[in-house]
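The chain contents come next:
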Amino acid sequence: MIIVVATTTSSKIRLAHVCSECGSAHPKWAGQCSGCGAWNTLEAEQVGARPATVAPSGAAVPIGDIDVLAASPHPTGLAELDRVLGGGIVPGSVTLVGGEPGVGKSTLLLQLLAWWPGPALYVTAEESAQQVRLRAGRLGAVRPDLWLLAETALPHVLAAVDELAPSLVVVDSIQTVHDPELGSPPGSLGQVRGCAHELVALAKRRDVPVVLVGHVTKEGSLAGPRVLEHTVDSVLAFDGDRHHALRLLRAVKHRYGPTSELGLFEMTGKGLVGVPDASALFLGDRRTGVPGSAVVPTMEGQRPLVIEVQALTTPAPPQVPARRTTQGVDANRLALLLAVLQQRAGVAVAQHDVYASTVGGVRLVEPGADLAVCLALVSAYTGRSLPPDLAAFGEVGLGGELRQTAHAQRRLTEAARLGFRRAIVPAASPDVATMQVVRVATLAEALVAAGLVE
Ligand code: TYD
Ligand code: MG
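Residue indices follow the written sequence of each chain, beginning from 1 at its first position. All chains are assigned letters beginning with A, and all ligands numbers beginning with 1, in the order in which they are written. Where totals are concerned, whole chains, interfaces and linings use all residues; where local detail is concerned, this predicted model gives features only for residues with pLDDT of at least 70, and gives and counts side-chain atom pairs only at 80 or more. Neither water nor hydrogens contribute to the side-chain values; these are computed over all heavy atoms in the structure.

Caption draft 1: Inspection of the pairing of strand β4 (residues 94-99) at higher detail. Buried residues are those whose accessible area, probed at 1.4 Å on protein chains only, stays under 20% of the maximum for their type, while exposed residues exceed 50% and partly exposed ones sit between those limits. Strands here are runs of E lasting at least two residues and helices are runs of H or I lasting at least four, both read from the DSSP assignment and numbered beginning at the N terminus. Taking burial as the measure, the 6 residues of β4 include 6 buried ones, the bulk of the element. The alternating pattern of β4 places Val94, Leu96 and Gly98 and Thr95, Val97 and Gly99 on opposite faces, both of which are buried. Pairing between two strands is assigned when DSSP locates at least 2 bridges connecting them. Here β4 runs beside strand β8 (residues 210-215); their pairing, made up of 6 bridges, is parallel. Residue pairing in the sheet places Leu96 in a bridge with Leu212 of β8. Direction of pairing for β4 relative to strand β9 (residues 234-239): parallel, over a ladder of 5 bridges. When the sheet's bridge partners are listed, Gly98 is paired in β9 with Ala237.

Below is the structure:
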C-alpha cells in the first residue's frame, strides 16, 4: 500500500517512511510502525513533489478537435450592437460596457435583455427595482423570462445565478457591487477588481455570457473599469454628446472579432434606435453655400461616414494669444494644420481665433479628414463658400503635401451615393462613376481647385 503525504506549502521533495500495512507515515525510519504495531513494514517514499489538490482545467487535445461552434456568437437583436461585436455575444464571454453616466448604458442593456431568447438576469446595483421596472415597461422588456435582482452584495448575485441558471447575466454596474469577504471598502479598486474576477470565473464556470456596466469619468478614463480591461474579454465604449441624440458604440478590446467597427444609435423616447444610414443623418441639417463648411467621407472601421466639418475664424485682439477651440476635431491636429496653412499655403491664420467642430458629436480622429478641416478653415477665413456638391479627403503632411489615405474607393463611393459630384483627393485615388475626381499633390493646389484662392 502506498500513501502519499502531500505538502501543499513546499514543493521540495522529501522522504517519508510509510507503513505498507496501515499507511501511516513517519518522518524517520523505525523498526515498528507506531500506527498498527507491525514490524519491518516501513518503506521510504518520495512525497511533496506536487500539491495533490490541483485539479486540471482540461486535457490537451489536437487543435482541430476543438468545437468552434461552441464559441460562435449569439445575435443580440440589436443590429448595431451585433456589428460592433462581430455577430453577437459569445457564451462564457465577459463584456464590459463603459460610458459616462447618462449616455444610455442601462437602456442599451435593457433592450438587449428585452430581446434575449432565454432566461436572463439583470442585476441592478444602482437603480431600484421599481425604477428599472418602469423603464423596462417603456422598452418592452417586461417578459416572463427576465429576472430582476436589486442587489449590491456579490455573494447574493452569484447565488441568484446558481439558482436561476440564466443564459445571460447583466451587472449594472461593476462599481456598485461589492464582496464583503474582500476586506477593501465598497467602491475601491480592490473591490472592482475582485468582484470582476469572481464574475469572470462565474462566466467561464457556467459558460454564461456576462455583461458588466462600468462608469467612465468625463476625462475618458474608465476610472476603475480601466483596470478591468485585461480581465474581461471585450470592452465596449459607449459615447456621444449628451445634448445630442446620437450615440456611438465602439469595441476598444475584443477577443472574438475586430475592434474597428462602429455602431450608431439614436436616443429616442422609446430607447435606442439603430442608425443604419448615418451619413444621411449627419448631413440632414447642412446648410450649403455657407463659408466654413466642408464635407469629408471619413472611415470608422469598415464603415464610410460622410460628415460635415465646420470652422469659424475671427481676428484675435492684439497682444492676446489667439484662441483655438475644437469639438470633435483633435486640438493638436488642428494646431498642426494651422501651422502648415500658414507656412506652406500662405494663409495667415496665426492672429486669428479659430473654432473647428464636427456635426453630430462625431470625433474625427483619422488623418484622412485633414484636407476637409483645412478647406473649412480657409473657407471661413476667406468668406468664400465651397461648392455644395464637393467632398474632400486626404492627409496633410508637414511639407504641405497631400498624402494618400486608406479606403479611397469606399470613401468616394459613399460620397457619390449621397449625391456629391466632385471630390478633391490625393494624387493616387481611383476613379468613381458619377463623380469628378480632382487629384492634387499639395494643400496649396487643393485650395485653388476648391476655388478658395486664386
Ligand atoms: P441611461 O440608460 O440611464 O444611462 P446610463 O445607464 O449610461 O447612466 O440613460 C440615460 C438617459 O437616456 C436619460 O437621460 C433618459 C434617456 N432616455 C431616453 O431618452 N429615452 C429612453 O427611452 C430611455 C430609457 C432613456
Ligand atoms: Mg445606468
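Caption draft 2: A look at the pattern of salt bridges. A pairing counts as a salt bridge when a side-chain nitrogen of Lys or Arg comes within 4 Å of a carboxyl oxygen of Asp or Glu. This structure, assessed with the given rule, holds 18 salt bridges. Glu366 is paired through a salt bridge with Arg411; the nearest N and O atoms lie 2.9 Å apart. With a gap of 45 residues between them, Glu366 in the loop between β16 (352-358) and α8 (370-382) and Arg411 in helix α9 (residues 408-417) connect regions that are remote in the sequence. Residue Glu366 is classed as buried on the basis of its relative accessible area, which comes to 17%. Judged by its relative accessible area of 1%, Arg411 is buried. Put simply, Arg422 and Asp389 hold a salt bridge, and the shortest N to O gap is 3.4 Å. Of this pair, Arg422 sits in strand β20 (residues 422-426) while Asp389 sits in the loop between α8 and β17 (390-392); the two residues are 33 residues apart in sequence, bridging distant segments of the chain. On the accessibility criterion, Arg422 (32% relative accessible area) is partly exposed. Judged by relative accessible area, Asp389 falls into the partly exposed class, the value being 23%. Residues joined by salt bridges that share partners form a network here, namely Asp239, Arg250, Glu300 and Arg363.

Caption draft 3: A look at the side chain of Ser234. Tracing the chain through its elements places Ser234 in strand β9. The criterion used for residue contact is that any of the two residues' heavy atoms lie within 4.5 Å. The residues contacting Ser234, other than those within four sequence positions of it, are Val94, Thr95, Leu96, Lys253, His254, Arg255 and Tyr256.

Caption draft 4: Layout of the site of ligand 1. Around ligand 1 sit 15 residues, and of these Gly102, Ser106, Thr107, Thr268 and Gly271 come closest. Within the contact set of ligand 1, an oxygen atom lies 2.7 Å away from a backbone nitrogen or oxygen of Gly102. For the purposes of these results, a polar contact is taken to be a pair of N or O atoms within 3.5 Å, where, inside protein, one atom must be able to donate a hydrogen and its partner to accept one; residues adjacent in sequence count only when each atom of the pair is a side-chain atom. Taking Gly104, its main chain carries an N or O atom lying 3.0 Å from an oxygen atom of ligand 1. For the shell around ligand 1, the secondary-structure elements that each account for two or more residues are α2 (105-115), α3 (129-139) and β11 (262-268). With 3 residues, α2 is the largest single contributor of residues to the shell around ligand 1. Its residues assigned to classes, the shell around ligand 1 comprises 3 nonpolar, 7 polar and 5 charged. The rule for a residue being near a molecule or strand is that one of its heavy atoms must lie within 4 Å of it. Residues are sorted three ways: Asp, Glu, Lys and Arg are charged, Ala, Val, Leu, Ile, Met, Phe, Trp, Tyr, Cys and Pro are nonpolar, and all the rest, Gly among them, are polar.

Caption draft 5: The arrangement of the sheet that holds strand β21 (residues 436-440) in detail. With respect to topology, 3 strands assemble into an open sheet ordered β17-β20-β21, the strand pairing being parallel. Edge positions in the sheet fall to β17 and β21, since each has one partner strand and no second. Averaged over all pairs of adjacent strands, the angle between strand axes in this sheet comes to 25°, irrespective of strand direction. Where β17 and β20 come together, 3 bridges link them in parallel fashion. By the bridge assignment, Ala391 is partnered in β20 with Ala423. Only C-alpha atoms enter the line fits that serve as axes; for helices the fit covers just the stretch in contact. Angles between N-to-C directions range over 0 to 180 degrees.

Caption draft 6: Region of the structure containing the packing of helix α4 (residues 154-164) against helix α5 (residues 189-206). It is the contact of α4 with α5, at a shortest axis distance of 11 Å, that shows an interaxial angle of 10°. Judged by the angle between their axes, α4 and α5 are roughly parallel. Packed against α4, whose contacting residues are Leu154, Leu158, Val161 and Asp162, the element α5 presents Cys195, Glu198, Leu199, Leu202 and Arg206 at the interface. For the contact of α4 with α5, the class distribution of residues is 6 nonpolar, no polar and 3 charged. The labels follow the angle: roughly parallel below 35 degrees, roughly antiparallel above 145, roughly perpendicular from 65 to 115, and oblique for the rest.

Caption draft 7: A look at the packing of aromatic side chains. Working definition: a ring pair exists when centres of Phe, Tyr or Trp rings (six-membered ring for Trp) sit within 6.5 Å. Plane angles under 30 degrees give stacked, over 60 give edge-to-face, the rest tilted. All told, the structure shown has 1 aromatic pair when counted by the stated rule. Here the aromatic rings of Phe238 and Phe265 are separated by 6.1 Å at their centres, their planes lie at 90°, and the arrangement is edge-to-face. Residue Phe238 is found in strand β9, and its partner Phe265 is found in strand β11; the two are separated by 27 residues along the sequence. On the basis of relative accessibility, which here comes to 2%, the residue Phe238 falls in the buried class. The ring of Phe393 carries the charged tip of Arg411 above its face, separated from the ring centre by 5.3 Å. Charges are assigned to positions over rings by a cutoff of 6 Å between ring centre and Lys NZ or Arg CZ, combined with an angular limit of 35 degrees from the ring normal.

Caption draft 8: Expanded view of the side chain of Asp370. Counting through the fold element by element, Asp370 comes out in helix α8. When residues no more than four places from it in sequence are discounted, the contact partners of Asp370 are Arg333, Leu337, Gly394, Glu395 and Val396.

Caption draft 9: Expanded view of the environment of Pro258. Within the secondary structure layout, Pro258 lies in the loop between β10 (246-254) and β11. Taking the C-alpha atoms as reference points, Pro258 and Val84, 174 residues apart in sequence, are found 8.1 Å from one another. Look past the residues within four positions of Pro258 in its chain and what remains in contact with it is Val84 and Ala251.

Nothing here speaks to function; it is all geometry.
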